[in-house]
Amino acid sequence: MSSKRGRKRNDNLPPNRARDVQRAFRARRAAHLQAMEKRLEEVEEENSRLRAALNLPPANRPPLGKGPTGKDKPKVFSSVGASSSTGLASP
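Reading guide: rules and limits
Residues numbered from 1 in each chain as written. Predicted model: local features only at pLDDT ≥ 70, side-chain atom pairs only at ≥ 80, totals over all residues. Heavy atoms only, no water. Helix = DSSP H or I, 4+ residues; strand = E, 2+ residues; numbered from the N terminus. Buried < 20%, exposed > 50% of the residue type's maximum accessible area, 1.4 Å probe, protein only. 1 Å grid on protein atoms, 1.4 Å probe; cavity = no way out; pocket = protein on both sides within 12 Å on 5 of 7 lines; lining within 4 Å. Points joined across faces, edges and corners; volume = space filled by probe spheres on them. Nonpolar A, V, L, I, M, F, W, Y, C, P; charged D, E, K, R; others polar. Salt bridge = Lys/Arg side-chain N within 4 Å of Asp/Glu carboxyl O. pLDDT = per-residue confidence, 0-100. Contact = heavy atoms within 4.5 Å. Expected span 1.5 Å × (residues − 1). Polar contact = N/O pair within 3.5 Å; in protein donor to acceptor, adjacent residues only side chain to side chain.

- Naming follows an unreviewed UniProt entry, where the protein appears as BZIP domain-containing protein of Neolentinus lepideus HHB14362 ss-1.

See the structure below:
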């Protein structure tokens with residue numbers, strides 16, 4: 001028995017429009033998610049810099065995880081407000 005679940009993949013099949021459409025959709029979705037994660041990172045860094053410039057306390061929310069579910073390990077920002085990133089970590 002195979003350890004993988006589901007239908008066995010057949011690589012000998014001819015090209016199929018439905019398969020090509022699905023692959024293109026998945027590629028677009030992955031690119032969109034990556035662009036949004038990059039933009040979120042830039043906005044978070046900008047927020048940290050602005051809070052430091054205005055002498056405001058760091059944002060009182062835990063860092064978001066990465067990936068589609070947000071459960072991957074969060075990226076720690078090393079920006080001007082280095083002390084603000086330590087204030088975001090929850091025990």
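After presenting the structure, the write-up continues.
Observations concerning unusual backbone geometry
Argument step 1. The phi torsion at Asn55 lies on the positive side, around 55°, for a residue other than glycine.
Argument step 2. Considering the arrangement of structural elements, one finds Asn55 in the loop between helix H1 (17-53) and helix H2 (82-88).
Argument step 3. Overall, the relative accessible area of 70% leaves Asn55 in the exposed class.

Observations regarding the layout of surface pockets
Argument step 1. Here the second largest pocket is characterised by a volume of approximately 220 Å³.
Argument step 2. Taken together, Arg7, Lys8, Arg9, Asn10, Asp11, Leu13, Pro14, Pro15, Arg19 and Arg23 make up the lining of the second largest pocket.
Argument step 3. A per-class count over the lining of the second largest pocket returns 3 nonpolar, 1 polar and 6 charged.

Here we look at the pattern of salt bridges
Argument step 1. The final tally for this structure, using the stated rule, is 2 salt bridges.
Argument step 2. Here Lys38 makes a salt bridge to Glu42, at a shortest N to O gap of 3.7 Å. Of this pair, Lys38 and Glu42 both sit in helix H1, 4 residues apart, roughly one helical turn.
Argument step 3. A relative accessible area of 53% means that Lys38 is categorised as exposed.
Argument step 4. Accessibility expressed as a relative area gives 42% for Glu42, which makes it partly exposed.

Quick notes on the confidence of the model for the protein
Argument step 1. Counting all residues, the mean pLDDT for the protein is 78, and 76% of those residues have values of 70 or more.
Argument step 2. A low-confidence stretch, residues 79-91 stays under pLDDT 50, and its non-local contacts, those more than four residues away or across chains, total 10 contacts.

Side note on H1
Argument step 1. Across its 37 residues, H1 extends 54 Å between first and last C-alpha, which sits within 8% of the 54 Å expected from 1.5 Å per residue.
Argument step 2. For H1, the side-chain oxygen to backbone nitrogen distance between the N-cap and Ala18 is 3.1 Å, and the N-cap itself is Asn16.
Argument step 3. Following H1 by one or two positions, Asn55 has its phi on the positive side, about 55°.

What about the environment of Gln34?
Argument step 1. With respect to the element layout, Gln34 can be found in helix H1.
Argument step 2. On the accessibility criterion, Gln34 (57% relative accessible area) is exposed.
Argument step 3. With 33 residues separating them along the chain, Gln34 and Gly67 place their C-alpha atoms 8.5 Å apart.

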